[in-house]
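Here's the letter readout for the chains.
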Amino acid sequence: MEDMNLLESEIMAQIAGASDLKHLDDVRVAVLGKKGVLTEKMKTLGQMEEHLRIETAKKLNTLKNKIEEAFGAKKSALEDAALNTRLQEEKIDVTLPVRPEVQGRIHPVSKIFEEVFAIFGALGFEVAEGPDIEDQFHNFNALNMPLNHPARQMQDTFYIASKQSEPFDMESAYVARTHTSGIQIRTMENKKPPIRIIAPGRTYRSDMDATHTPMFHQVEGLVVDKTTTFAELKGCLSDFVKAFFELDNIPVRYRPSYFPFTEPSAEMDIGCLKTKTELKIGAGDDWLEILGCGMVHPNVLRAGGIDPDEYQGFAFGVGIDRLAMLKYGIPDLRTFFESDLRWLKHYGFAPLDFSSLTGGLNGNGGSLR
Amino acid sequence: MKLTLSWLKSHLDTTADLKTIVNTLTKIGLEVEDVYNPAENLKGFMTARAENVVMHPDSDHLHVLTANTGSEKLQVVCGAPNVQEGMVGIFAPVGVNIPCYNEILKVGKIRGVESFGMMCSEKELCIGEDHTGIIELPKDTPIGVPAAQVLNIDPVIEISITPNRAECLGVRGIARDLAAAGIGRLKPLNIQKTEGTFESPIKVHVQCLNECPTYVGRYIKNVNNKVQTPKWMKDRLTAIGLRSISPLVDITNYINYDLARPLHVFDADKIKGDILVRMCHEGEHFVALDEKEYELDALSLGICDDEGVECLGGIMGGLSKGCSEDTTNVFLECALFKPECIARTGRKFAIESDSRYRYERWVDPKSNILGSDYATELILEICGGEASYQMIEGNEDFKPQVAYIRPSRMKSFVGVDVRAEKIVEILKNLGFETSFEGDKIKAISPSWRGDIACEQDLIEEVVRIIGLDEIEPQSMTYDNLPKQTLTPSQMRVVTVRHELASRGMFETVTFSFTSSKLADMFHKIGQTDTVLIEKPISADLDEMRPSLLPNLLLGAQNNVARGFYNVSLFEVGPEFYGREPKAQRTVAAGIRLGLTADKDWAKTSRAFDVFDAKADALAAIAAACGPIDNVQITTDAPAYYHGGRSGALRLGKNVLAYFGELHPNVAKKFSIKGRVMAFEVYLDNVPLPREAKSKTRKKLELSAFQSVAKDFAFVVDKSIAAANLIAAAKNADRNFITDVRLFDVFEGENVPQGKKSIAITVVFQPKEQTFTEKDIENLMNKVIVSVAKATNGSLRA
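These numbers come from a predicted model, not from an experiment.

A. Just the overall build of chain A, in detail. Broken down by element type, chain A carries 12 helices and 11 strands. Since a compact globule built from 369 residues should have a radius of gyration of about 21 Å, the 42 Å found for chain A marks it as more spread out than a globular shape. The dimensions of chain A, computed from C-alpha atoms along their principal axes, are 130 × 55 × 45 Å. Per-residue burial for chain A yields a buried fraction of 43% across its 369 residues. Excluding contacts between residues fewer than 6 apart, the proportion of contacts in chain A whose partners are at least 24 apart in sequence is 63%.

This is the structure in structure tokens:
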């Protein structure tokens, strides 16, 4: 009995004294291994008398359980210590920068197109497209601009000979489209009213100075049905500028003007405040010309195969680059086309920035990095 | 078109102030671009009386005087010859800005005498041309009042006239419009008719009445072209930016701007024989007033004499027959030329003139006799002389245009109710003759309007006079939820952009034209057409681009020049393979050069390589909903790519994209050092997924059994394409092989010369039950056999 108590305290001391898992395991083998002290003790049970055997076995088992528990506890403690040491050793400087990732950009022109699609989409418009090189019928004649029309001279047109190796012939030449209005005609040729389209695209005019580039972008709109009036033209475009500039109220002014393809024609101005350093859209005592519009000229409807006595509608055209400049305060048109990475990074939009009326026209793609 | 307020008021009786006039002009469609009011520059200037005028002690032409402004008496030195004791003029005190010099006036000291201000001339105040002396106001003008109150100041208004409003290229047309809009009353035109006293020695013969339906000619003898143009006329011309040349020229210019009525005056002594109005001969030479020589054609209209063309009718006079200071006998032409003829000839020879500008829009066909009378009156008044009888060739018969307007259309077309009486009133004020025909109003255009052809034109006339502000805006309505705005092929252009941007690329927009010198190497195989622009705006923008790459490379070049060496640029836009409409493709193209990022502590940054471009191309195809799993790769990219480091992604013959490293010569041409990766994805070639009948997905079948992955290493010829080996492995068994991944390519030690080792993992997926060892062995054998058959390769020992 004495013997047993002594054994217990000895073993417990050894367990407590184990300095690491290896040492603890050595102790375990020495106690519980095949030739361990406790195992040896167990082996002696066989030779014992029955009553002694039962009692000793009970004690030995109790001792064995105690010891195993102690081993377990010690093992956990040692494992925890070892893990803590490892964690200490594994410490790294989390203030280091992350591996480089480059966030690209969407060009402001693409963004404005998306915004315009979102707004007119909500007004029931669909997007129509057409070729950049146009025949003169679609770019001029069908739009009520016959060959000698002064308005045709006003647009500095780029011509492209219709045949490669023959002398240039102005009358048969193609043109780099001076507006996307030709798409109106192409749409009417292929679709019966009611028509509600916008026609985005690149447009070209031979003009290059501080405020003009030989290529720029436009979106044209066309509505044809039986009842649409100039009042709806005004409503539609006022709704558009409010949604586009994200302002509840923008003063709007329509001035009579002239375009061969509309009658009556008008230009639309929006209110703004001009100071020496900035231009603020909205209330102010200045006006800013923003788009041209009007009721579709009967000759244009006819050219598109639509009876002007039955159908009527309106059309408009907006400069996309100019909208980008006004909305996002981009000062110089020429910089749009220079591919300057600093400019693209500054004025561009995040890759996940998608335009909609449900999630916002812009700024919903997270922070720019 | 510029005019001055006083000029306007010579036709318009009005009490309206400048601001009201300007606002009304814009409101009725005559857009005011600028208003220059000299009064705004005259703050601080005031009237003063010159007193105690004495000669400057040290000068034979300067005077010293006391300027009395009522509140102050200041010593002033004055150099004007017309200064007199007691005269009242405009005084500029020290500290004001002199408009003519745009300088602040300081205390001066002239030859020892101090001067505390200045007596001013018209020119110094920018209100006229006179600089011969100081302004002399009536003696009873009060002193000490602001200059703007007493001076005859004439603000200048600049209006943008639209091409349909040719009559407003004359001040009278503008006055008429203002009168119709309720701003005053149009004054009657008061032109004295001169009967003439003799037969013109020069006769007129018009051969082409189609192009020149009316020609009014008149000989005026003994004129004096050395006299001064009257001040009022000179002031008006100067104010609108026309230089005064001689009285005869000034008179024609004045009438051109007053009545929009072009005229021409020949020096009659230089005309040989009679005047013949005829079509020119092919190749006939003509030297115009602009001193340029033109080789005319048979569609040009010439005003000719025995020596040939002396004036290009309605466009520009000839150098040899113009008036000079010594001109004493003149021949006055007032004719009508057809807009089509003038427009064509003007365009053909690129001659711009005030006359062409008016003729090609519309010149009142009934203003020829009137214009001739007006010019005669002014010439006789200013230059003296004696007029011949008027000669009229052709006639002024003119069939006026007729259009009808239904008052109900104001509501149904414009959205505003206007009473029939109001419509009639507006049209009458604009010069139309109106009458009712049933429910329609018949409107006969006045001869000065050539633009009214249909009901819409009349609606515009009414609506611009009542004002577009009268129309109540009305939001558009629609019956159902709007349809999808973008078609799938339009939407995927948006998606592709966003995909490439999220891959770290910067979207740019470059011109659709490029330099033909640079574009040359970017023509695709089989492209024979070079789409050149006829008159490019500059030599390096002369071709519609056959590829997006040259402009992207120029962009890269500029960024590199600014010190940005890592460039990832892309653009989505058209390339042109032919000149006819629609011979264009929508391309998503990009270039990458330099490193993936600047160097970093984790050492992830590396040079871009072909596989970046390939990944971009594949990502764009995927973003465009392309069948990405079926894409095949061939190595036949165009020659501007590196022959050994480029490829085409295709579906059979259909090329979806090219990618690769650009040919070193291309980079060199753009002065870019280092390798440039590029891709071009032809979005139109990427097939759209077929519209599914149902949006529900195929049921997901999950296997209950674990898949088995086995690695293989094959030794194959170096020339074997990895893709073929992968395909062979994949095709070894269509039922059980679900994935093949290539994880190593190795050449060198233990691999024979001319060979390479390719290691792959093949994933086998059991379906009904777990594989037995035998099953796996069989499958592995199938892979080995298939690869061996396709590539002649064997398992690496």
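Next comes the rest of the account.
B. A look at the overall build of chain B. Across its full length, chain B holds 19 helices and 42 strands. By the compact-globule yardstick of 28 Å for 797 residues, chain B is too spread out, its C-alpha radius of gyration being 41 Å. The C-alpha extent of chain B, read off along each of the three principal axes, is 130 × 80 × 60 Å. Contacts in chain B between residues far apart in sequence, at least 24 positions, make up 70% of those at least 6 positions apart.

C. Local environment of the domain arrangement of chain A. Taken as a whole, chain A is organised into domain 1 (2–89) and domain 2 (108–347). Averaged C-alpha coordinates put domain 1 of chain A and domain 2 of chain A at centres separated by 91 Å.

D. Molecular detail of the domain arrangement of chain B. For chain B, the domain assignment lists domain 1 (2–37 + 156–186), domain 2 (39–150), domain 3 (204–394), domain 4 (402–464), domain 5 (488–685) and domain 6 (708–795). With centres defined by C-alpha atoms, the gap from domain 2 of chain B to domain 4 of chain B works out at 56 Å.

E. Quick peek at the interface of chain B and chain A. Counting residues at the interface gives 84 residues for chain B and 76 residues for chain A. For the side of chain B that touches chain A, the secondary-structure elements that each account for two or more residues are helix H7 (339–349), helix H10 (408–414), helix H12 (455–466), helix H13 (488–502), strand E30 (506–507), helix H15 (549–561) and strand E33 (567–576) of chain B. If you tally residues by element for the side of chain B that touches chain A, the top one is H13 of chain B, at seven residues. Classifying every residue of the side of chain B that touches chain A by side-chain character gives 38 nonpolar, 24 polar and 22 charged.

F. Seen up close, the sheet that holds strand E23 (residues 316–317) of chain B. Residues and elements named next belong to chain B. An order of E15-E18-E21-E22-E23 is seen for the five strands of this open sheet, with the pairing classed as mixed. Only two strands of the sheet have a single partner each, and these edge strands are strand E15 (204–206) and E23. Where strand E21 (residues 301–305) meets strand E22 (residues 308–312), four bridges bridge the pair, whose relative direction is antiparallel. Paired with aspartate 305 across the strands is glycine 308, a residue of E22.

G. Main features of the nonpolar core. Residue and element names in this part refer to chain B. Ranked by size, the top nonpolar core spans 171 residues in total, and within it Val330 and Val462 carry the most contacts. Sequence-distant contacts of valine 462, defined by excluding residues within four places in its chain, comprise Met410, Val418, Ile423 and Ile426. If you look at the next biggest cluster of nonpolar residues, it comprises 57 residues, including Leu569, Val610, Ile621 and Ala637.

H. Focus on helix H5 (residues 108–122) of chain A. Residue and element names in this part refer to chain A. Here H5 contains 15 residues, and its C-alpha end-to-end distance of 21 Å stays within 8% of the 21 Å for a straight helix at 1.5 Å per residue. Of all 15 residues in H5, 14 are buried; the element is thus mostly enclosed. In the stretch just after H5, glycine 124 is the one whose phi turns positive, near 90 degrees.

I. Main features of helix H16 (residues 610–623) of chain B. Residues and elements named next belong to chain B. The end-to-end C-alpha distance of H16, which contains 14 residues, comes to 20 Å, matching closely the 20 Å that a straight helix rising 1.5 Å per residue would cover. Burial runs high along H16: 10 of the 14 residues are buried. Among all positions of H16, only Val610, Asp612, Ala613, Asp616, Ala617, Leu618, Ala619, Ala620, Ile621 and Ala623 are buried. Buried residues along H16 sit in contact with H13, strand E34 (584–593), strand E36 (641–651), strand E37 (654–662) and strand E38 (676–682). Just beyond H16, the residue with positive phi is cysteine 625, at close to 65 degrees.

J. Quick look at the environment of alanine 118 of chain A. Residue position: alanine 118 of chain A is located in helix H5. When residues no more than four places from it in sequence are discounted, the contact partners of alanine 118 of chain A are Ser355, Ser356, Leu357 and Leu361 of chain A.

Cut-offs and rules
- Residues numbered from 1 in each chain as written.
- Chains lettered and ligands numbered in written order.
- Predicted model: local features only at pLDDT ≥ 70, side-chain atom pairs only at ≥ 80, totals over all residues.
- Helix = DSSP H or I, 4+ residues; strand = E, 2+ residues; numbered from the N terminus.
- Rg over C-alpha atoms; globule rule 2.2 N^0.38 Å.
- Buried ≥ 20, exposed ≤ 12 C-beta atoms within 10 Å, placed from the backbone.
- Contact = placed C-beta atoms within 7 Å.
- Domains from an automatic or database assignment.
- Nonpolar A, V, L, I, M, F, W, Y, C, P; charged D, E, K, R; others polar.
- Pairing = 2+ DSSP bridges.
- Core = buried A, V, L, I, M, F, W, Y, C linked by C-beta atoms within 7 Å.
- Expected span 1.5 Å × (residues − 1).

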